[in-house]
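# Coordinate analysis (summary)
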Amino acid sequence: MSSQWTMQPTPLITQLANRIVEHMRSEGLGEGERLTERKLAELFRVSRSPVRGALRLLEEAGIVRPTERGGFVIAKPEGMLPAALEASSTDDDEQVYFQIADDRLNGRLTERITENELLRRYGLTRGRLMRILRRIANEGWIERLPGHGWAFLPVLTSLQAYEDSYRFRLLIEPAAILEPRFTLNRPALERCREQQQWLIDGGIWEVSDAKLFELNSGMHETIIECSQNSFFIDALKRIDRVRRLIDYRQMLDRESAIGRCREHVHLLDLLLADKRIEASEFMRQHLTELSTLKTAVRTKRQEKAPQDLQNKRAAAE
């Protein structure tokens, strides 16, 4: 039976699908030739999950088809392969998503709002709005009310609260690694290491800020889950949920972010080598430096804002 791609493909998956088509063309692969997730993942230095999504996208486009034995084969002759798949509306959705986030952080959206108000404000179709609202709801900063209303949930909105969240993380994350019941989830940590290495190897230039947040926060949550201390685990997940929006604003430039990813790999290597004391101390150092860097980003932006406003006024005159 044909598999179905039930979610809007991400920019990464669309780009990967185009790279697979380019690979077919450059290698002269013909109709009926088999494509395997493992080999494609190794070729493009990504995990199997985005490769699977890209193959499903290519299936929808009629470029590949599933086989009875599993996997996919090429469904079109080389001469009929498209130059590129049409980009999805994900990029436009991402822009609206961040505009909603920014409006919420700046108090331009009330705590409760109707779908009709959002439709008028952002000029969306109801289908696009619902897709974006489902994403926001899944991330935990909005919930549906009876009828057509929605309520925004509490999030961090001030720099002081953001800094306080790091102070709290400095208390719980290094301590969690030293918990008596700490047990390595080796497969999960190895997956995190693979993701971080992929970012270092170039993936960081392809992912959105939202996806980068998910990969990095997900790594920290995977580590704290090894503590088996439900209070630590629940506390960090709650912090990640409420800091999401302000963290988008504090996002480091990608060159600096690569450095943080390298630190993540080193931290994971310490844990996988069962060097928990060293890992705990490195976690403390990592969070301290990260908090300092992100505070500096915010301070620089605050200092730059008045000059930007002055420049705009001068241009208007």
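Residues numbered from 1 in each chain as written. Predicted model: local features only at pLDDT ≥ 70, side-chain atom pairs only at ≥ 80, totals over all residues. Heavy atoms only, no water.

### As for the nonpolar core
Among the nonpolar cores identified, the biggest contains 59 residues, and Ile20, Met24, Leu58, Ile100 and Trp141 are the most heavily contacted of them. Ranked by size, the runner-up nonpolar core spans 25 residues in total, among them Leu159, Leu170, Phe182 and Leu252. (Core = buried A, V, L, I, M, F, W, Y, C linked by side-chain atoms within 4.5 Å. Buried < 20%, exposed > 50% of the residue type's maximum accessible area, 1.4 Å probe, protein only.)

### Thoughts on the packing of aromatic side chains
Counted according to the given criterion, the structure contains four aromatic pairs. Consider the rings of Tyr97 and Phe98, whose centres lie 5.2 Å apart with planes at 85°: the pair is edge-to-face. Judged by its relative accessible area of 0%, Tyr97 falls in the buried class. Considering the side-chain rings of Tyr97 and Trp141, the 5.9 Å spacing of their centres and the 75° angle between planes classify their relative orientation as edge-to-face. (Phe/Tyr/Trp six-rings, centres within 6.5 Å; stacked < 30°, edge-to-face > 60°.)

### Examining the sheet that holds strand β6 (residues 149–152)
Here we have three strands laid out as an open sheet, ordered β4-β6-β5, and antiparallel in their pairing. Each end of this open sheet is capped by a strand with a single partner; those strands are β4 (112–114) and β5 (142–144). Across the sheet, the mean angle separating the axes of adjacent strands is 30° when strand polarity is ignored. In this structure, β5 lies alongside β6, joined through three bridges in antiparallel fashion. The residue bridging Ile142 from the neighbouring strand is Phe152, located in β6. Taken strand by strand, helix α5 (residues 115–122) contacts β4, β5 and β6, and its axis lies near 75° from that of β4. Strands in contact with helix α6 (residues 126–139) are β5 and β6; relative to β5, the strand with the most contacts, it is inclined by about 115°. (Pairing = 2+ DSSP bridges. Helix = DSSP H or I, 4+ residues; strand = E, 2+ residues; numbered from the N terminus. Axes fitted to C-alpha atoms, helices over the stretch in contact; angles between N-to-C directions. Contact = heavy atoms within 4.5 Å.)

### So, the pairing of β6
Two faces make up the sheet, and in a regular strand the side chains alternate between them. The side-chain alternation of β6 yields two buried faces, one formed by Gly149 and Ala151 and the other by Trp150 and Phe152. Where β4 and β6 come together, three bridges link them in antiparallel fashion. Each bridged residue has a counterpart across the sheet, and for Ile113 the counterpart in β6 is Trp150.

### A word on the environment of Lys211
Its location among the elements puts Lys211 in helix α9 (residues 209–225). Considered as a pair, Lys211 and Leu12 are 199 residues apart in the sequence and their alpha carbons are 9.8 Å apart.

By themselves, these figures tell us nothing about what the structure is for.
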